[in-house]
Structure formats: structure tokens, C-alpha cells
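Report on the structure
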Amino acid sequence: MSRRVALVAAAALPCGKWQTPADAALQVLEHEVLASLVADAVAEAGIDRRDIGSLAFAQCRPYTLQKYFATFMAHYLRLPCTGTVSETLGNGMTAGLAFERAVDDILLGRAKVALALGVNFETATSAAEHMMSSMRATGDVDFQVPFGFTPIAWYAMDAARYMHEYGVSREAIASVAVKNRRHASLNPLAQFRKLITMEDVLAQPMIVEPLGLFEVPPRSDGAVCLVLAEEEVARATGRPYALIRGRGFYHEGAHQISEVPNDMTALAAAQRSGQAAYAAAGVGPSDIDFAEVYAPCTIVEVLVSEALGLMPRGRGAHGAAESETSLGGRIPICTSGGLQSRGHPAYVTPFYTFVEVLEQLQGRAGERQVRDARLALTSAELGNYNAALVHVLEAVR
Amino acid sequence: MTIEVLSRPGRRPYPPRVTATTAPFWEGLLEGRFQTTRCDDCGRFSFPPKVICPHCWSRRILWHELSGNGRLYSSTTIHAAPASFRQEAPYRVAIVDLEEGVRLATRLLGGGPATLDSPVRLVALSYDDGPLFAARPDGGCIASVGLAPRPG
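Residues numbered from 1 in each chain as written. Chains lettered and ligands numbered in written order. Predicted model: local features only at pLDDT ≥ 70, side-chain atom pairs only at ≥ 80, totals over all residues.

1. Some points on the overall build of chain A
Short version of the rule: The helix count covers DSSP runs of H or I at least four residues long, the strand count covers runs of E at least two residues long, and both are numbered beginning at the N terminus. Note on method: radius of gyration uses C-alpha positions; expected globular size equals 2.2 Å times residues raised to 0.38. Put simply, a residue is buried when 20 or more other C-beta atoms lie within 10 Å of its own C-beta and exposed when 12 or fewer do; between those, it is partly exposed, and each C-beta is set from the backbone. Contact criterion: two residues are in contact if their C-beta atoms, reconstructed from the backbone, are within 7 Å.
Looking only at helices and strands, one finds 13 helices and 11 strands in chain A. For a compact globule of 397 residues, the expected C-alpha radius of gyration is about 21 Å, and chain A comes in at 20 Å, within 12% of that figure. Oriented by its inertia axes, the alpha-carbon framework of chain A measures out at about 55 × 50 × 40 Å. When each of the 397 residues of chain A is scored for burial, the buried share is 60%. Contacts spanning at least 24 positions in sequence make up 79% of the contacts within chain A whose residues lie at least 6 apart.

2. Quick notes on the overall build of chain B
Secondary structure summary: chain B contains 1 helix and 10 strands in total. Secondary structure elements of chain B, listed N to C terminal, follow the sequence β-α-β-β-β-β-β-β-β-β-β. Taken over the C-alpha trace, chain B has a radius of gyration of 16 Å; the compact-globule value for 152 residues is 15 Å, and the two agree within 12%. C-alpha atoms of chain B, sized along the principal axes, occupy 45 × 35 × 35 Å. Scored against the burial criterion, the 152 residues of chain B give a buried share of 38%. Long-range contacts, defined here as pairs at least 24 residues apart, represent 62% of the contacts in chain B between residues at least 6 apart.

3. Focus on the sheet that holds strand β11 (residues 387-396) of chain A
Residue and element names in this part refer to chain A. Note the threshold: Here, a strand pair is defined by DSSP locating no fewer than two bridges between the strands. To get an axis, fit a line to the C-alpha atoms, keeping to the stretch in contact for a helix; angles then go from 0 to 180 degrees between the N-to-C directions.
Strand order in the open sheet formed by 9 strands is β3-β2-β4-β7-β1-β8-β11-β10-β9, and the pairing between neighbours is mixed. With one partner strand each, in any of the chains shown, β3 (85-88) and β9 (290-292) form the two edges of the open sheet. Going across the sheet, the axis of each strand differs from the next one's by a mean of 30°, ignoring polarity. With 5 bridges joining them, strand β2 (residues 52-58) and strand β4 (residues 113-120) adopt parallel strand pairing. Along β4, the bridge assignment pairs leucine 55 with leucine 115.

4. Some details on the interface of chain A and chain B
Using the following cut-off: Residue polarity is assigned by list, with Asp, Glu, Lys and Arg as charged and Ala, Val, Leu, Ile, Met, Phe, Trp, Tyr, Cys and Pro as nonpolar; anything else, Gly included, falls into the polar class.
Facing 31 residues of chain A, the contacting portion of chain B comprises 38 residues. Listed by contribution, the elements that provide at least two residues to the side of chain A that touches chain B are α4 (127-137), α5 (153-166) and β5 (206-208) of chain A. Partitioned by chemical class, the residues of the side of chain A that touches chain B number 20 nonpolar, 5 polar and 6 charged.

5. Points about the UniProt feature "domain: Thiolase N-terminal" (unreviewed entry) in chain A
The criterion, for reference: UniProt positions are given in the numbering used here, feature names are shortened, and annotations may be inferred rather than shown by experiment.
Taking the numbering used here, the UniProt-annotated feature "domain: Thiolase N-terminal" (unreviewed entry) corresponds to residues 5-211 of chain A. Split by type, residues 5-211 of chain A is 40% helix and 15% strand. Its first and last C-alpha atoms lie 39 Å apart.

6. Quick look at the pairing of strand β10 (residues 375-382) of chain A
Residues and elements named next belong to chain A. Summarising burial for β10: 7 of the 8 residues are buried, a large majority. Here β9 runs beside β10; their pairing, made up of 3 bridges, is parallel. Across the sheet, residue glutamate 292 finds its bridge partner in β10, namely threonine 378. Taking the residues that link successive antiparallel strands as the turn, the β10-β11 hairpin has 4 residues, and the phi of glycine 383 there is positive, at about 65°.

7. Quick notes on the UniProt feature "domain: ChsH2 C-terminal OB-fold" (unreviewed entry) in chain B
This chain's UniProt record puts "domain: ChsH2 C-terminal OB-fold" (unreviewed entry) on residues 63-123 of chain B. The straight-line gap between the two end C-alpha atoms of residues 63-123 of chain B is 19 Å; of that span, 0% is helix and 54% is strand.

8. Regarding the UniProt feature "domain: Thiolase C-terminal" (unreviewed entry) in chain A
Mapped onto this numbering, the UniProt entry annotates "domain: Thiolase C-terminal" (unreviewed entry) at residues 261-394 of chain A. The span residues 261-394 of chain A carries 36% helix and 14% strand; its end-to-end C-alpha distance comes to 38 Å.

9. Remarks on the confidence of the model for chain B
All names here are of chain B. Condition: Scored between 0 and 100, pLDDT is the confidence that the predictor attaches to each residue.
Model confidence for chain B is summarised by a mean pLDDT of 92, while 90% of its residues fall at 70 or above. Across residues 140-152, confidence stays below pLDDT 50; counting only partners more than four residues off in sequence or on other chains, it has 21 contacts. Predicted as a complex, the structure gets a pTM of 0.96 and an ipTM equal to 0.96.

10. Considering the sheet that holds strand β4 (residues 61-66) of chain B
All names here are of chain B. Read across the open sheet, the 3 strands follow the order β3-β2-β4; overall the sheet is antiparallel. The sheet is open, and its two borders are formed by β3 (45-46) and β4, each paired with just one other strand. When strand β2 (residues 34-39) meets β4, the two strands line up antiparallel, connected through 6 bridges. Considered in β4, the bridge of glutamine 35 is made with glutamate 65.

11. Structural notes on the packing of helix α3 (residues 94-107) of chain A against helix α13 (residues 349-361) of chain A
Residue and element names in this part refer to chain A. At a closest axis distance of 5 Å, the pairing of α3 and α13 adopts a crossing angle of 65°. Contacts from Ala95, Gly96 and Phe99 of α3 reach α13 at Thr349, Pro350, Phe351 and Phe354. Considering only residue class, the contact of α3 with α13 consists of 5 nonpolar, 2 polar and no charged.

12. Some words on the packing of helix α6 (residues 170-184) of chain A against helix α10 (residues 298-307) of chain A
Residues and elements named next belong to chain A. Rules: Throughout this description, any angle smaller than 35 degrees is read as roughly parallel, any larger than 145 degrees as roughly antiparallel, any in the 65 to 115 degree range as roughly perpendicular, and the remainder as oblique.
Relative to each other, α6 and α10 sit at 100°, their axes nearing to 8 Å. In terms of axis orientation, α6 runs roughly perpendicular to α10. Each of Ile173, Ala174, Val176 and Ala177 in α6 lies in contact with α10, whose residues at this interface are Thr298, Ile299, Glu301 and Val302.

13. Description of the pairing of strand β1 (residues 5-12) of chain A
All names here are of chain A. For β1, the tally of buried residues reaches 8 of 8 residues, placing the bulk of the element in the interior. Bridge count for β1 against strand β7 (residues 222-230) is 7 bridges, and the pairing is antiparallel. Paired with alanine 9 across the two strands is valine 227, which belongs to β7. Sheet analysis places β1 next to strand β8 (residues 241-251), joined by 2 bridges and oriented antiparallel. Paired with leucine 7 across the two strands is alanine 242, which belongs to β8.

14. Notes on the nonpolar core
Residue and element names in this part refer to chain A. Basically, it comes down to this: Each nonpolar core reported here comprises buried Ala, Val, Leu, Ile, Met, Phe, Trp, Tyr and Cys residues connected via C-beta atoms within 7 Å.
Core analysis: the biggest nonpolar cluster contains 175 residues, and Ala10, Leu115, Val224, Leu226, Val227 and Leu228 have the highest contact counts within it. By residue number, the principal contributor to this core is α5, which donates 9 residues. Ignoring sequence-local partners within four residues, the contact set of leucine 115 consists of Val38, Ile52, Leu55, Ala56, Ala102, Cys225, Leu226 and Val227.

15. A look at the environment of Leu30(B)
With respect to the element layout, Leu30(B) can be found in helix α1 (residues 23-30). The contact partners of Leu30(B), leaving out residues within four places of it in the chain, are Val5(B), Ala124(B), Ser126(B) and Pro131(B).

16. Quick look at α13(A)
For clarity, the threshold we go by: Under the convention used throughout, the expected extent of a helix is 1.5 Å for every residue step, that is, one less than its residue count.
Look at α13(A): 19 Å from first C-alpha to last across 13 residues, which is about the 18 Å you get at 1.5 Å a residue. Gly363(A) sits one or two residues past α13(A) and shows a positive phi near 75°.

Structure representation (C-alpha cells):
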């Protein structure tokens, strides 16, 4: 039988504003924050640090001055490795791909234990300046950027199209923000924990119509270290762990839009990668106990919940409005508070997804614990879900 | 000439780079032509203009002029803008499906309601430093200050 990989431990910085201005006398620096998390996560895992064979980093933001961050960290941690030491970049999917890099080294027998880790510090740079870079990551520099498209403008156009085709109200979509804030209020790692009402959401300034401030992701700093191991190593620790049961990936060969008209709100890549992950795990959408999806804006959670088969097409927003996707509902989605409220340190956001899934599957999520959580679904994406990476994880206790 | 050319004062906020491949596209705009590449083997369009056909990877590429007529697939108004576009905010952008079956993204002019699936027409914009293009509701007149038909 081929090897199986388990997620055994995690340590994370609460999402928020951590990065210090360049001229601050006392700096908060990426490598110090991350080194501390590595020590915490490895201690919690109960594994021997000499078993760590690979370090799979999410690449840092360009604002991180320490370059070749992965090799610098191998030095800082004094951690010789026989697998790989690498940095991965893939837009919003960055940490999902770094997670896979760690998993793959274990599957290939290159490492018994691998760390997937990274730090995303960006909040000392203003949103208007940051978008000068991010707009070039989410659009054609010569044929889209000159018109002023922003990363989330594409999601806003998803919302406009979805409302037009399915007759769904902005309020129904906005209910996702209220639901996610309720979840975040129970999550110590969340950036925004004060409860909000629908009136609060609708009273916010417009960012990109029809999405206001509470329906789009905040700017966030964050850092995470995940410990992955061969299942035998995980079992030997005697502690509960999350087994990776299935994985699916699909890139539709398009960036935002292609010249071939399609159904933009169907999120074909999420459909395809979801089907592959379900098939690999031998389960279906109805077997899933909760989902932690990559959804920068409220509308994206609606669309991806439909693409992954968790909600019927055209009903995703109603799922939040009618508490179907809330804690205690039929299929809780984004129990962490999601990207709007938990926070969105983009290059490490999918790591936070796995942090939440691990806490839930280990039964350590406290007040936001999903009862009898056994099977979890995750997604990561880039562009306008032009590519998606989906995992199914199972609790082993 | 199939699309209207409107003159706009000032410089483009974020000018596109021009290559030997894409130069005919940008130059054509100033002459009122909206053209893109079409594969001489499989017959399918590509946009933006490409050096190979993305559908069949043929190198036999020809220019083809499009009508500029299409429908509004989706649209949004951007309020929080990147630094280069701050002066223009709020502004509208759109995804347009042209009648030849080509989808593209662009600016949406005019201040009226952006009704999805309604007809739009592409226009060329002639700035002091070069061309861009945009869409506007079909049949509608442009009331915005600073937009006038280009003389000559």
C-alpha cells in the first residue's frame, strides 16, 4: 500500500496588522515570528526534529527584505534537510502549493516529516500602492490592467452576473459576511471578531460594486507552520491527526477571462478539482461535515459552495441567509470566519485553512467546534477560480 | 472605419506596452479599426492578439477586423482604485461578448444603468500619448465632459 500523509500539528499567528513601518525604531520581523511558530508547532506535534526532511515555504511578499527566505530560515532554525528546502509562488494558491510540496516529499519517501510554512507581511504598504502590484498579478498587464481592473473587480463582476442570472439579491449574498463574522467571533486567530448585522454590512462604503467593505477581504499579516508526516509517524505520536484522503487540481488554461465566452460563475476549475478530490477520497459532497474554502469575497463563497456540490446552483447565498452554512447548520462553511473576518494574508491564507481544519478534526475548536466533525473539504484558488486545489481530510482519533 | 474614435485629453494612466505583434492592433484603433488575430488553420479568434493560435498552436495567424458590436456580460464600478487610477475613481469596467464570439475586458463609458446582456459598442480612445479602447451602451450618446468626436 502506498504511503499516506497526515497533518499532525500547526501553529499560527493571529491574523492582523503586525508589519512595522520601515522607519519604526523597533521592527517586527518575519523570520523571528516564524521561527517561534516552528518551535511551537514541532513541540505540539511530539515528533523528533531530526525527522524533518523538507521545508516547503510559501514565498514572502516583495515587502519582505530578507531574500532567499527559505534558505535563510533553514540557517536560522539550524535544520539540515535531506528532502527539499523550497519557496513556492502561485498567487492566492501559494500556500496550497507549498502544502502540496511538503505532502509530495513525504509521498515520494524523501521525508518522514515535512514542514509547510510561511509568513505574509504586507500591511505597512497602503492598499492603493499594494494594488499597483496585485493588479498585475490578476490581469493582463497590457490588455486589462490599463483599464484599471483590481483583483477583486473580477469577483464583483461574478456577483453582478450571478444576481442577474439567478435573481439573487445583494442582501442574500451579503448574509455570508454576517455569518462569517459570527464564526470569527469564536476564533482567537481571527482579525475581526466583533459581531455585525446586515445593516452594518450594507452601511459600509462601496469598494467594488456590489461589494462593500465587509464583503471583501481585509489586508492582513499572518504566519503559519504546519507539520506533516507519514501516517505511521503520526500514529506513533498517539495524538489525533488529520489524514489527507483526496486531492484534486484543475487549471482551466485561462487567466481571469479568455476570449472564449463561458459561464463565468460556474467556477469550472472548482467543479473539476472537487470531483477529482471526491473521487480520490471515495466520498461525495453529502459525506462532508464542514468546508473551509478559499473565498476572498462573499460572492466567491456562494459560487464555490455551488461548484463543489455543497449547495444547489443558484442557492448558495440562501444557504448563508437561512443558516444552512452556519455552525450548527447542515454544512458549516468557513467556521474560521473566512477571508473577510478571519483575515487574508494572501500568500499564507490556505495554510490558515488547514489550521482550522486540523483544530476541527482534532476536536479542539472550542465554541466553534463542528459536532462529530470527521470529513473536511478545503479549497485554494488563483485568479477568478481559474485554477483550484481541493483536498478532503479525515479525522483519525 | 467601423468603430468611433474619441479624443481624450491627457495621458493614459497605465499605458500598455506595444510589441511587433500587437502594434497593428493599437495602430488600427486610431484608424477606427478593432482587429484581432484569427487562425488560418482552425479559423478561431484569439484576443488579445497572439503570436500563435491558443486553440491549435498553429503559427498561421491573420488579422481580422471585428464589428465592435457586442453585449454586456458583466460590469462593476470600482471605488477603491490602485494609485495610478485614483484620480479617475469611481470608474466602470466591464466584460463584453462581441457578436463574433470574442470575450474581452475593458472600460465601460456613460453614466446610465449598466444592464447586463444589453447591446454595447466598442470605441477607440485617442489620448495624447496613444490609444486605448472602451465600450459604451449602444445607441446611447456620450454626455460626459471631455469626450468629443475626434476632429478629422
